[in-house]
Amino acid sequence: MPNVRTPDADIYYTDSGGAGPVLLLGHGFFMDSSMFAPQIDALAGKVRVVAWDSRRHGRTTDPGAAFTYWDLARDSLAVLDDLGVETAIVGGMSQGGYTALRTALLAPERVQALLLLDTEASACTDDEKAGYRAMFDQWCSDAPIEPLVEALAPQLIGGDSRESWAPWIEKWTSSDRRAIRPAAECLIERDDVVDRLSAIAVPALIVRGEHDMSAPAAKAKQLYDHLPLAVPVLTIPGAGHAANWTHPQPVNETIAAFVTMVETGWL
């Protein structure tokens, strides 16, 4: 699979290929590009799906220096550059959505539309920062990790199927626990871009799981209210934070319809 090397990282990505419109996808925290396998499989032949691993995740490698979601936005543009793609529909789940929004602000001429999955545009509150720091302190310690990942899976992935959690639990328990720290600081100290969303003048699809407490309905409404060309929020019944993974069929059908509308100029 291809990699693109920048001064700051060696970025791993996958490319489904084909002549269809390009959909560039960034994954959620503690996940990697494989979380989009259901979308790649379903959209094959219709959409060229490019999914990439962010710093400190998956197969992307970097020196471990501090970074922000603006830096990750530049990483996403480097992937497009490596493919020779001028414009794409840019999307992401959770932190991938944070990156997608900043990509649209950083290089609006490169972004044809936005796909925002279980994400938000605001910064962490003080209480959220404290909660994250406590969790990451435990994660990066020598304490047994099993209780932490067992509690994390229902919250981070959602749904009620242990089968859907199993691949991620296996990855988490076998990972280098301390390697995540720079990404954790990026997450905790992210800036607020709500007041800048009105400058993003491209169609935007916002999808969220009904039971997603990490990116609740109010955050999705905030995106809808501030993005001038957003279509109504799609809520996936029964889904949690990773709706595209646990409930792929309705998500895939909606993505396919959205891409078609963008490509034909209906939006």
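About the thresholds
- Residues numbered from 1 in each chain as written.
- Predicted model: local features only at pLDDT ≥ 70, side-chain atom pairs only at ≥ 80, totals over all residues.
- Heavy atoms only, no water.
- Helix = DSSP H or I, 4+ residues; strand = E, 2+ residues; numbered from the N terminus.
- Rg over C-alpha atoms; globule rule 2.2 N^0.38 Å.
- Buried < 20%, exposed > 50% of the residue type's maximum accessible area, 1.4 Å probe, protein only.
- Contact = heavy atoms within 4.5 Å.
- Areas by Shrake-Rupley, 256 points an atom, 1.4 Å probe, with all protein chains shown as cover.
- Pairing = 2+ DSSP bridges.
- Right-handed = clockwise from strand over helix to strand, strands pointing away.
- UniProt positions renumbered as here; feature names shortened; annotations may be inferred.
- Salt bridge = Lys/Arg side-chain N within 4 Å of Asp/Glu carboxyl O.

1. Some points on the overall build of the protein
Stage number 1. A count of helices and strands for the protein gives ten helices and eight strands.
Stage number 2. Its C-alpha radius of gyration of 17 Å places the protein within 12% of the 18 Å reference for a compact globule of 267 residues.
Stage number 3. With the C-alpha coordinates aligned to their principal axes, the bounding extent of the protein is approximately 55 × 40 × 35 Å.
Stage number 4. Counting all 267 residues of the protein, 53% fall into the buried class.
Stage number 5. The contacts in the protein between residues at least 6 apart in sequence include a share of 76% that link residues at least 24 apart.
Stage number 6. Accessible surface, the protein: about 11200 Å² in total, of which carbon and sulfur atoms supply 53%.

2. Section: the pairing of strand E6 (residues 111-117)
Stage number 1. Most of E6 is tucked away: six of the seven residues are buried.
Stage number 2. As paired strands, strand E5 (residues 88-93) and E6 are joined by six bridges and run parallel to one another. Bridge pairing links Ile89 to Ala113 in E6.
Stage number 3. A crossover links E5 with its parallel partner E6, the connecting element being helix H3 (residues 95-106), and its sense is right-handed.
Stage number 4. The sheet contact formed by E6 and strand E7 (residues 204-209) spans four bridges and is parallel. Each residue of the ladder has a partner; that of Leu115, found in E7, is Leu205.

3. Concerning the UniProt feature "domain: AB hydrolase-1" (unreviewed entry) in the protein
Stage number 1. Within this numbering scheme, the UniProt entry marks residues 21-248 as carrying the feature "domain: AB hydrolase-1" (unreviewed entry).
Stage number 2. The span residues 21-248 is 41% helical and 14% strand by assignment, and the distance between its end C-alpha atoms comes to 20 Å.

4. Description of the pattern of salt bridges
Stage number 1. Under the definition given, this model contains 17 salt bridges.
Stage number 2. A salt bridge links Glu120 to Lys219; the shortest N-O distance between them is 3.4 Å. Within this pair, whereas Glu120 is found in the loop between E6 and helix H4 (126-139), its partner Lys219 is found in helix H8 (residues 217-226), the two being separated by 99 residues in sequence.
Stage number 3. When its relative accessible area of 3% is taken as the criterion, Glu120 is described as buried.
Stage number 4. One salt bridge in this structure joins Glu185 and Arg133, with 2.7 Å as the shortest N-O distance. A residue pair is termed long-range when its members are at least 10 positions apart, and Glu185 in helix H7 (residues 181-188) and Arg133 in helix H4 qualify at 52 residues.
Stage number 5. Salt bridges linked by common partners bring Lys129, Arg133, Glu185 and Glu189 together as one network.

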